[in-house]
Amino acid sequence: MTSADQIEEVVVATLESTPKNATHWSRAKMAERSGLSKSTIGQVWKAFELKPHRQNGFTLSNDPLFVEEVYDVVGLYLNPPEMAVV
């Protein structure tokens, strides 16, 4: 099971860094860095609408409640309400 801390680490690394010798993160490189699977990285990026391969449309949110909202979404993702489709 993926923890909220692991998901936060992936989101922050995606937004604030790039891998060595590359212009953006790939699922494989981020999976290698984080220790998570490529499919998990893809799910996290999809949940947060992160598209590191699209540099022109890739910006960090300036919402002052961004971190709290990330935790809310991750909480629902990791512990969905009964009968929810995630």
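Everything discussed here concerns the structure shown above.
Now for a description of the structure that goes with this document. (Residues numbered from 1 in each chain as written. Predicted model: local features only at pLDDT ≥ 70, side-chain atom pairs only at ≥ 80, totals over all residues. Heavy atoms only, no water.)

**Describing the overall build of the protein chain**
Definition in use: Each helix is a run of DSSP H or I of at least 4 residues and each strand a run of E of at least 2, with the numbering of both proceeding from the N terminus. Burial status follows relative accessibility: with a 1.4 Å probe on protein chains alone, a residue under 20% of its type maximum counts as buried, one over 50% as exposed, and anything between as partly exposed. Contacts between residues were defined by any pair of non-hydrogen atoms, one from each residue, lying within 4.5 Å. What sets the accessible areas is the Shrake-Rupley method with a 1.4 Å probe; for residues, cover comes only from the shown protein chains.
Along the protein chain, the regular secondary structure elements total 4 helices and 0 strands. Going from N to C terminus, the protein chain has its helices and strands arranged as α-α-α-α. For the protein chain, with 86 residues in total, the buried portion stands at 27%. Contacts spanning at least 24 positions in sequence make up 55% of the contacts within the protein chain whose residues lie at least 6 apart. Carbon and sulfur atoms make up 51% of the accessible area of the protein chain, which totals about 6300 Å².

**Comments concerning unusual backbone geometry**
Of note in the backbone geometry, Asn-21 takes a positive phi value of approximately 60° without being a glycine. The phi angle at Glu-49 is positive, at roughly 55°, despite the residue not being glycine. Mapped onto the elements, Glu-49 comes out in the loop between helix 3 (38–47) and helix 4 (66–78). A relative accessible area of 68% means that Glu-49 is categorised as exposed.

**Topic: empty space enclosed by the protein**
What counts is decided by this rule: Both site types are read off a 1 Å grid over the protein atoms alone. A 1.4 Å probe that fits but cannot get out defines a cavity, while an open set with protein on both sides within 12 Å along at least five of seven lines defines a pocket; lining residues have an atom within 4 Å of a point. Grid points are joined across faces, edges and corners, and a volume is the space filled by probe spheres set on the points. Each residue is assigned to one class: nonpolar for Ala, Val, Leu, Ile, Met, Phe, Trp, Tyr, Cys and Pro, charged for Asp, Glu, Lys and Arg, and polar for all the others, Gly among them.
By the definition in use, this model includes 1 cavity of 30 Å³ or more. For the largest cavity, the calculated volume is near 30 Å³. Those elements that place two or more of their residues in the lining of the largest cavity are helix 3 and helix 4. Grouping the amino acids of the lining of the largest cavity by side-chain chemistry returns 6 nonpolar, no polar and no charged.

**What about helix 3?**
The periodicity of an α-helix, 3.6 residues per turn, causes residues three or four positions apart to be oriented the same way. Taken together, the buried positions of helix 3 are occupied by Thr-40, Ile-41, Gly-42, Val-44 and Trp-45. Where the residues of helix 3 are buried, they touch helix 1 (4–16) and helix 2 (27–34). Backbone geometry just downstream of helix 3 places Glu-49 in the positive-phi region, at approximately 55°.

**Some thoughts on the packing of helix 1 against helix 2**
Quick reminder of the rule: Axes, fitted as lines to C-alpha atoms, cover a helix only where it is in contact. Angles between the N-to-C directions of the axes lie from 0 to 180 degrees. Oblique is the label for any angle not covered by the other classes, which are roughly parallel (under 35 degrees), roughly antiparallel (over 145) and roughly perpendicular (65 to 115). Crossings are sorted by hand: turned counterclockwise from the far helix by less than a right angle, the near helix makes the crossing left-handed, and turned clockwise it makes it right-handed.
Their axes nearest at 11 Å, the elements helix 1 and helix 2 cross at an angle of 130°. Taken together, the axis directions place helix 1 and helix 2 in an arrangement best described as oblique. Both helix 1 and helix 2 take part in a crossing whose hand is right-handed. Residue-level inspection shows Glu-9, Val-10, Ala-13 and Thr-14 of helix 1 in contact with helix 2, the latter providing Met-30, Arg-33 and Ser-34. Grouping the amino acids of the contact of helix 1 with helix 2 by side-chain chemistry returns 3 nonpolar, 2 polar and 2 charged.

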